[in-house]
Each structure stands twice: as structure tokens, then as C-alpha cells.
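Now for the letters of each chain:
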Amino acid sequence: VSLFSGVGGFEQALNKLGGKCVMASEFDPNAKIQWNQIAYEILYGEKPKGDVREINENDVPDHDLLVAGFPCQAFSVAGKRLGFEDTRGTLFFEIARIAKEKRPKILLLENVKGLIGHDKGKTIETIVRILNDIGYTIDFQVLNSKYFGVPQNRERVYFVCVKDELIDRESWKIEGTNVVAKAKKRLSQIEGIKTFNFDWPPQTEVTTRLRDILEDNVDEKYYLSEEKT
């Protein structure tokens, strides 16, 4: 099940691994035309459901994996960073509502790096506590797209959450002093926190650069006007 699907980024990867999406949801409350829904239907042949807040959790098909890149503007350094005070920030609870009822084996969640330090760490603490409370053992890490074949410096935090009965708990192996290490040290002090160590891919080599994908000849109709430049 794919929530906050956009144009189906998770689907691009998971379908190649033999996955089948049994339900998708995408909705932009500020858009007169739901362009993402239109693009998604063109790409995957099925129109996604609308506002996740209007989806009854009992109507969600059974599934093994729930993926969600839940709205990030409330936590992003590019936004006002209102967090859960922003209505977009509260959409995380819709993920928890569905996961609590349907109990998929794994949740794979994604958001901006700024989520980790938002509100002095209170936001990520709330997320971890809720995921633990609904029956999931978790790990998280910041991954940068530049190490995975995309010529873009784009850091995102990923949460891998496994149903408690399917994973052995273990304390986080914390290395370094980066924002993830600091957050894990702080969160590890929570009594009864349920964690494990996911085998995250290495981030050591940039293999694709912008010059590798740029076209040599571009029609002038795509140029910015002199006024804008």
C-alpha cells in the first residue's frame, strides 16, 4: 500500500522487485486539478484514491508493506517548520491509524532530514513512540540520493519499521556525531524503546553526475527569459 504516492516513486523501485501495489492514495488539497493523480494513472493504469483522511482503515486491502513519503513541508528547513501544529504534519497519524488496523509486516517511511532535529527532537520522539506503541520495532537513517545513481544532493531520512514478532530487538549501534547519531543517543534513553539495526546500504561513491544526463542540444523555447535570469 502506497500513501502520499505523488507520481509513484516507491512504486518505481518496488515493482521492479516483483511487488504489486494493491492500493495507492494521493491528494493535493490546494490543487484545482489533481495532476499527480493524473500522472499516476498514466504510469500505473490505476487512479489512486484521494484524501487519506477519508479512507476507512477497514477498507484498505491486506498488504505486507506500507510505504509513505508523508508531507514534509511542516518539518523542512525551507518551510515554516510548524511540525505537528501544521495540518500536513498531522498526516503522519493517518499512517499510524492504518498500520495499527492492518498490521503490515513492514513500514517504509520517508521524510526530510530536518525532521530529525525538529522541535528539539520532540517530533521524532513522538513518531518513534507511536510506531513502538502500535507494534513496530524501528531503525532510521539519512540517505543521500547522490550515492544511488541520481545526480542530486538530496538527503532524506528513512524509517524501516518491522512488526515486533518478526524481528529480534537490539540496541542501536551508534557511530559518529552526526544528526542521526545524536538523535539515536537521545532516543535510546527512552525506557522500553524497541529498536534494531537495519543493514543500510553504503554511501561511499558518487557514480552519476549532472553532466552525464544533460542534453547537448536544448531548444531555446526551454530557456529562461533574460528578465528572469
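Relevant structure appears above.
Residues numbered from 1 in each chain as written. Predicted model: local features only at pLDDT ≥ 70, side-chain atom pairs only at ≥ 80, totals over all residues. Heavy atoms only, no water.

Visitor: Help me out: how do you make sense of the overall build of the chain in this one?
Guide: Along the backbone of the chain there are six helices and six strands. Listing each helix as α and each strand as β along the chain from the N terminus yields β-α-β-α-β-α-β-α-β-β-α-α. At 19 Å, the chain has a C-alpha radius of gyration in line with the 17 Å of a compact globule built from 229 residues. By the burial criterion, 39% of the 229 residues in the chain qualify as buried. (Helix = DSSP H or I, 4+ residues; strand = E, 2+ residues; numbered from the N terminus. Rg over C-alpha atoms; globule rule 2.2 N^0.38 Å. Buried < 20%, exposed > 50% of the residue type's maximum accessible area, 1.4 Å probe, protein only.)

Visitor: Explain the nonpolar core to me, please; I cannot follow it from the model alone.
Guide: Counting residues in each nonpolar core, the largest one holds 39 residues, and the members touching the most others are Leu 3, Ile 95, Leu 109, Leu 131, Phe 140 and Phe 159. If you list the elements that add at least two residues to this core, you get strand E3 (65-68), helix H3 (92-102), strand E4 (106-112), helix H4 (122-133), strand E5 (136-144), strand E6 (155-163) and helix H5 (179-187). With near-sequence residues (within four places) excluded, Phe 159 lies in contact with Leu 107, Leu 108, Leu 109, Leu 115, Ile 124, Ile 127, Asp 139 and Phe 140. Formed by five residues, the second largest nonpolar core is a distinct cluster that contains Leu 143, Val 160, Val 162 and Trp 200. (Core = buried A, V, L, I, M, F, W, Y, C linked by side-chain atoms within 4.5 Å. Contact = heavy atoms within 4.5 Å.)

Visitor: Looking at this structure, I do not really get the sheet that holds E4. What am I missing?
Guide: Read across the sheet, six strands follow the order E2-E1-E3-E4-E6-E5 without closing on themselves; strand pairing throughout is mixed. Each of the sheet's edge strands pairs with one partner strand only, and the pair in question is strand E2 (24-25) and E5. Bridge analysis of E4 against E6 gives seven bridges, and the strand direction is antiparallel. Pairing of Ile 106 across the sheet is with Val 162, part of E6. (Pairing = 2+ DSSP bridges.)

Visitor: Hey, could you run me through the pattern of salt bridges in this one?
Guide: Counting across every chain of the model gives eleven salt bridges. Residue Arg 97 is joined to Glu 57 by a salt bridge in which the shortest nitrogen-to-oxygen separation is 2.5 Å. Here Arg 97 is found in helix H3, whereas its partner Glu 57 is found in the loop between helix H2 (35-44) and E3, with 40 residues between them in sequence. Its salt-bridge partner being Lys 102, residue Asp 62 comes within 2.8 Å of it at the nearest N-O pair. Note that Asp 62 is positioned in the loop between H2 and E3 and Lys 102 in helix H3, a separation of 40 residues in sequence. You can call Lys 102 buried: its relative accessible area is 18%. Taken together, the salt bridges that share partners define one network made up of Glu 57, Glu 94 and Arg 97. (Salt bridge = Lys/Arg side-chain N within 4 Å of Asp/Glu carboxyl O.)

Visitor: Would you explain H4 in this entry?
Guide: Side chains that are three or four residues apart share a direction in an α-helix, a result of its 3.6 residues per turn. With twelve residues, H4 extends 16 Å from end C-alpha to end C-alpha; this agrees with the ideal 16 Å at 1.5 Å per step. All buried positions along H4 are accounted for by Thr 123, Ile 124, Ile 127, Val 128, Ile 130, Leu 131 and Asn 132. Directly beyond the C-terminal end of H4, a positive phi value near 105° is found at Gly 135. (Expected span 1.5 Å × (residues − 1).)

Visitor: Help me out: how do you make sense of the packing of aromatic side chains in this one?
Guide: For any two aromatic rings, the description comes down to two numbers: the centre-to-centre distance and the angle of the planes. Tallying each qualifying case throughout the model produces six aromatic pairs. Ring geometry for Phe 140 and Phe 159: centres 5.6 Å apart, planes at 40°, overall tilted. Of this pair, Phe 140 sits in strand E5 while Phe 159 sits in strand E6, placing them 19 residues apart in sequence. Each member of the pair Phe 140 and Phe 159 is classed as buried. (Phe/Tyr/Trp six-rings, centres within 6.5 Å; stacked < 30°, edge-to-face > 60°.)

Visitor: For this particular structure, what's the right way to read the environment of Asp 164?
Guide: Mapped onto the secondary structure, Asp 164 falls in the loop between E6 and H5. Spatially, the C-alpha atoms of Asp 164 and Lys 105 are 8.9 Å apart, while their sequence positions differ by 59 residues. The contacts of Asp 164, once residues within four sequence positions are left out, are Asn 132, Gly 135, Tyr 136, Thr 137 and Lys 194. Within the structure, Asp 164 has its side chain in polar contact with the side chain of Lys 194 (distance 2.5 Å). (Polar contact = N/O pair within 3.5 Å; in protein donor to acceptor, adjacent residues only side chain to side chain.)

Visitor: What is the right way to look at the side chain of Lys 163 in this model?
Guide: With respect to the secondary-structure elements, Lys 163 resides in strand E6. Buried within the structure, Lys 163 lacks any salt-bridge partner; Glu 165 is the closest side chain of opposite charge, at an N-O distance of 4.1 Å. Residues within four places of Lys 163 in sequence aside, it is in contact with Arg 103, Pro 104, Lys 105, Gly 135 and Tyr 136. (Lys, Arg positive; Asp, Glu negative; His and termini not counted.)

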